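As a plain string of letters, each chain reads:
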Amino acid sequence: MAGTALSTTGWSNWAGNQRATATTVLHPTTLDEVVEAVRATAAVGGTIRAVGSGHSFTAVAVTDDRRMELTRLDTGVRVDAGRRLVTVPAGMTLHTLNDLLAAHGLALPNLGDIDAQTVAGAISTGTHGTGAAYGCLSTFVEALTLVTGTGEVLHCSADENPDVLAAARVSLGALGVLTEVTLRCVDAFVLRAHERPAPLTDVLAELPDLVPRHDHVEFYWFPYTDRVQVKTNDRVPSDDRPLPRWRGWLDDDLLANTVFAGACRLGRAVPALAPTISAVSARALTERVYTGRSDAVFCTPRRVRFMEMEYGLPRDALPEALDALRRIVDRLPFKVLFPVEVRFTAADDIWLSHGQGRESAYIAVHQYVGTPYEPYFRAFEKVATELGGRPHWGKLHWRDAESLAPAYPHWQDFQRVRDHLDPNRLFKTPHLTRILG
């Protein structure tokens, strides 16, 4: 079989909480090799799973049969600068994509806070950034090419297989293997970032004005305190206030990674210190204002390992959810060592997007590796579910198909497309069976 590694190879995700050993590892280099691998797997009644960079916390990429890695897949790069459209291999990382776009005077309109994911992995799980006018990254997808469970190559756009496009832009890999993606971009732009500490009550009071006033708004709440760190990003004409190299190293490398990692290790060893550590962390992050290339401002290094769960909620449910979360944190029999992240997105029309049909506020809860997290996450999941929350597909959650179906108006439409494209469930995994049925 083309592109096949003969040895059985183990795999783990970034967080280290998901591990798997495949019977065969495939490294296709061409579209034809992807088709060949899919058809060969179908012929023997096996299953196949395409994986990305391993930045999902769920078992979405776990398989014990055939694993397909797309890092060597070369479908070519096509840039239409006039129409601001870029077509790239689905296995390309966002980091590589951002550099490619910058070289052509282009950029993605929005990004999350890391750029290690592959394009396919990011869109398939509904990866998002923050901004009242922006949906998840999948909303930038204009077209895609998909190899289905029968080995058919489908080109999907608004004019060609539009139903498949509506399903495949966020599909968890359940419909086929994404081989290339066309993204609608914008002209390259500069962001002005303003980061500042503030009391949580003040920030919640000003949110109705704060969120629409800025292009991008997010904040981090430090457990056991009333303090948050607010970050706003806005487009500006010129990069006239770049962050000094020493300040970037101090804040983003030393404090946010090295020192924070040490603080987390201390909190894990001596849990009683966690509230003090959280208070000190909240005070250590001072105000700063700087400008930079959009992707450099959006994305920051993340070297401290953690577990994460994130829920998208109706925007107006945020205050109630945060009140409940604070009570949960105070009642836990263990301590929380990581801040809580809050972001905002626009409504979109993608069938399995967390933001489908509504403006959302996202609450992400984290816990340092090696410390208890499940009771914390499950308690907040109960609150979020009762408030109409939808779990981020790449973050930990315990929902199943029966629970999830009522949360998505187009759930049955997605199932219909799945039945058509993968009738023999070539792409199924235990995780997909649990959450999709």
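Look a little higher up for the structure.
Thresholds, definitions, all that
Residues numbered from 1 in each chain as written. Predicted model: local features only at pLDDT ≥ 70, side-chain atom pairs only at ≥ 80, totals over all residues. Heavy atoms only, no water. Helix = DSSP H or I, 4+ residues; strand = E, 2+ residues; numbered from the N terminus. Buried < 20%, exposed > 50% of the residue type's maximum accessible area, 1.4 Å probe, protein only. Contact = heavy atoms within 4.5 Å. Arc of directions from axis to C-beta. Phe/Tyr/Trp six-rings, centres within 6.5 Å; stacked < 30°, edge-to-face > 60°. Lys NZ or Arg CZ within 6 Å of the ring centre and 35° of its normal. Pairing = 2+ DSSP bridges. Axes fitted to C-alpha atoms, helices over the stretch in contact; angles between N-to-C directions. Salt bridge = Lys/Arg side-chain N within 4 Å of Asp/Glu carboxyl O. Core = buried A, V, L, I, M, F, W, Y, C linked by side-chain atoms within 4.5 Å.

A.B. asks: Just give me the short version of the environment of Val164, but keep the residues and values in it.
C.D. replies: Along the chain, Val164 falls in helix H4 (residues 162–168). For Val164, a relative accessible area of 9% puts it in the buried group. Sequence spacing of Val164 and Pro197 is 33 residues, and the spatial spacing of their C-alpha atoms is 44 Å. For Val164, the contacting residues outside a window of four places in its chain are Leu146, Leu154, Cys156, Val417 and Leu421.

A.B. asks: Which residues make up helix H2 (residues 94–103), and what are the values?
C.D. replies: Residues of H2 that are buried include every one of Leu94, Leu97, Asn98, Leu100 and Leu101, and no others. One side of H2 carries all its buried residues, which in axial view fall inside an arc of 165 degrees. Buried residues belonging to H2 abut strand S8 (85–89), strand S9 (106–107), helix H3 (119–124), strand S12 (177–184), strand S17 (288–293) and helix H8 (294–298). Looking at the residues trailing H2, positive phi occurs at Gly105, about 70 degrees.

A.B. asks: I'd love a proper account of the packing of aromatic side chains, names of residues and values included.
C.D. replies: Tallied over the full model, the rule gives 10 aromatic pairs. Pairing Phe306 with Phe338 gives two aromatic rings, centres 5.3 Å apart and planes at 50 degrees, and the pair type is tilted. On the criterion of sequence distance, the pair formed by Phe306 in strand S18 (residues 306–314) and Phe338 in the loop between helix H9 (318–331) and strand S19 (340–345) is long-range, its members being 32 residues apart. As far as the burial class goes, Phe306 and Phe338 line up, both buried. Centre to centre, the rings of Tyr373 and Phe377 are 5.3 Å apart; their planes meet at 50 degrees, and the pair counts as tilted. Of the aromatic side chains, those joined through ring pairs into one cluster are Trp14, Phe57, Phe260, Phe306 and Phe338. In this structure, Arg235 packs its charged tip against the face of Phe189, placed 3.9 Å from the ring centre. Lying over the aromatic face of Tyr408, Arg390 brings its terminal NZ or CZ to 5.0 Å of the ring centre.

A.B. asks: Help me get a handle on unusual backbone geometry, residues and values and all.
C.D. replies: What you tend to see is this: most non-glycine residues have negative phi, and most peptide bonds are trans. In the Ramachandran plot, Arg84 falls in the positive-phi region, its phi being about 60 degrees despite a non-glycine side chain. As for its placement among the helices and strands, Arg84 is situated in the loop between strand S7 (78–80) and S8. Phi at Leu172 takes a positive value of approximately 60 degrees, unusual for a residue other than glycine. Take Leu172: it is sitting in the loop between H4 and S12. Taking relative accessible area as the criterion, Leu172 reaches 2% and is therefore assigned buried.

A.B. asks: Would you mind going over the sheet that holds strand S14 (residues 190–199) in detail, with residue names and values included?
C.D. replies: Sheet architecture is open: eight strands sit in the order S17-S14-S16-S15-S19-S20-S18-S21, paired in antiparallel fashion. Two strands lie at the open edges of the sheet, namely S17 and strand S21 (390–391), each paired on one side alone. Relative to the sheet, helix H10 (residues 374–386) contacts S18, S19 and strand S20 (360–368), its axis offset from that of S18 by approximately 10 degrees.

A.B. asks: Summarise the pattern of salt bridges; cite the residues concerned and give the values.
C.D. replies: Overall, the coordinates contain 23 salt bridges when judged by the stated rule. Note that Arg184 is salt-bridged to Glu142, the shortest N-O span being 3.3 Å. Taken together, the residues Arg184 in strand S12 and Glu142 in strand S10 (residues 141–147) connect sequence positions 42 residues apart. Of the residues examined, Arg184 reaches a relative accessible area of 36% and is grouped as partly exposed.

A.B. asks: Tell me what's going on with the nonpolar core, and back it up with residues and numbers.
C.D. replies: Looking at soluble globular proteins, one finds that nonpolar side chains tend to be buried together. Ranked by internal contacts, the top residues of the largest apolar core, which has 60 residues, are Leu97, Leu352 and Trp393. Other than its neighbours up to four places away in sequence, Trp393 contacts Thr58, Thr125, Val170, Leu172, Leu352, His354, Leu404, Tyr408, Trp411 and Ile435. Residues Ala261, Met307, Val369 and Ala384 belong to the second largest nonpolar core, which totals 52 residues.

A.B. asks: Can you break down the pairing of strand S15 (residues 216–221) residue by residue, with the values?
C.D. replies: Here S15 lies mainly inside the structure; six of its six residues are buried. Residues His216, Glu218 and Tyr220 of S15 are buried on one face, and the alternating residues Val217, Phe219 and Trp221, pointing to the opposite face, are buried as well. When S15 meets strand S16 (residues 227–236), the two strands line up antiparallel, connected through six bridges. Following the sheet pairing, Tyr220 is matched in S16 by Gln229. Taken together, S15 and the strand that follows it, S16, pair antiparallel across an intervening segment of five residues, in which Tyr224 is found at a positive phi of about 70 degrees. In this structure, S15 lies alongside S19, joined through four bridges in antiparallel fashion. Bridging from a neighbouring strand, Glu218 pairs with Arg343 of S19.

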